[in-house]
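Structure assessment
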Amino acid sequence: MKAEALGEGDEGMLMVGNVIVNRVVANCDVFRDTRNISEVVYQKNAFSGVGQPLFNQPVNAKERELALRNIDGYRVEPAYSALWFKNPGSNTACPDQFYGQLTGRYKNHCFYAPGGKLNCDL
């Protein structure tokens with residue numbers, strides 16, 4: 001969460017956490033082999049922050065608290081049912097589609113929920 005959205009503040013990190021937890025519980029082909037947080041985070045090409053210096057830093061109490069809020073069920077729009085996010089930059093519009101359908105934007109991150117073609121259940 002920190003490596004992907006530290007610049008988006010607590011709410012932005014929580015939204016990335018929504019995507020992570022959603023992928024754990026998603027019932028669809030693309031996430032069929034991801035049944036826990038570790039499998040989701042380390043899924044090949046899933047998160048660009050994995051392996052970056054920020055990713056490998058120890059978490060602090062606040063970051064741990066945010067992660068536990070997600071695990072305990074915290075969800076918020078536009079990431080409530082999102083399985084993907086994209087950061088196109090601050091001066092670039094969110095594409096309407098990116099794997100799924102655009103559900104909205106929070107700061108620099110665009111969030112996407114699965115469309116009907118993907119046959120995903122959350």
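Refer to the structure printed above.
Once that is clear, we can look at the side chain of His 109. Summarising the element assignment, His 109 is placed in strand 4 (residues 109-113). From its side chain, His 109 meets the backbone oxygen of Glu 4 in a polar contact 3.3 Å long. Residues contacting His 109, with those up to four places away along its chain left out, are Glu 4, Ala 5, Glu 8, Phe 85, Lys 86, Asn 87 and Gly 104.

Moving on, we come to the pattern of salt bridges. Enumeration according to the criterion identifies 3 salt bridges in this entry. The partner of Lys 62 in a salt bridge is Asp 10, with the nearest N and O atoms 3.3 Å apart. Note that Lys 62 is positioned in helix 4 (residues 61-71) and Asp 10 in helix 2 (residues 9-25), a separation of 52 residues in sequence. Linking Lys 62 and Glu 65 is a salt bridge whose minimum nitrogen-to-oxygen distance equals 4.0 Å. Remark: Glu 65 and Lys 62 occur in helix 4; sequence separation between them is 3 residues, near one turn of the helix. Owing to a relative accessible area of 37%, Lys 62 belongs among the partly exposed residues under this scheme. Here Glu 65 falls in the partly exposed class, since its relative accessible area comes to 41%. One network of salt bridges, with partners in common, ties together Asp 10, Lys 62 and Glu 65.

We now examine the packing of helix 2 against helix 4. Look at helix 2 against helix 4: their axes get within 9 Å of each other, and the N-to-C directions meet at 45°. The angle between the axes of helix 2 and helix 4 places the two elements in the oblique class. Relative to helix 4, helix 2 is oriented so that their crossing is right-handed. Contact residues: helix 2 offers Asp 10, Met 13, Leu 14, Gly 17, Asn 18 and Val 21, while helix 4 offers Lys 62, Leu 66, Arg 69, Asn 70 and Ile 71. Tallied by class, the residues present in the contact of helix 2 with helix 4 amount to 5 nonpolar, 3 polar and 3 charged.

Basis of the calculations
Residues numbered from 1 in each chain as written. Predicted model: local features only at pLDDT ≥ 70, side-chain atom pairs only at ≥ 80, totals over all residues. Heavy atoms only, no water. Helix = DSSP H or I, 4+ residues; strand = E, 2+ residues; numbered from the N terminus. Polar contact = N/O pair within 3.5 Å; in protein donor to acceptor, adjacent residues only side chain to side chain. Contact = heavy atoms within 4.5 Å. Salt bridge = Lys/Arg side-chain N within 4 Å of Asp/Glu carboxyl O. Buried < 20%, exposed > 50% of the residue type's maximum accessible area, 1.4 Å probe, protein only. Axes fitted to C-alpha atoms, helices over the stretch in contact; angles between N-to-C directions. Parallel < 35°, antiparallel > 145°, perpendicular 65-115°, else oblique. Left-handed = near helix turned anticlockwise from the far one by under 90°. Nonpolar A, V, L, I, M, F, W, Y, C, P; charged D, E, K, R; others polar.

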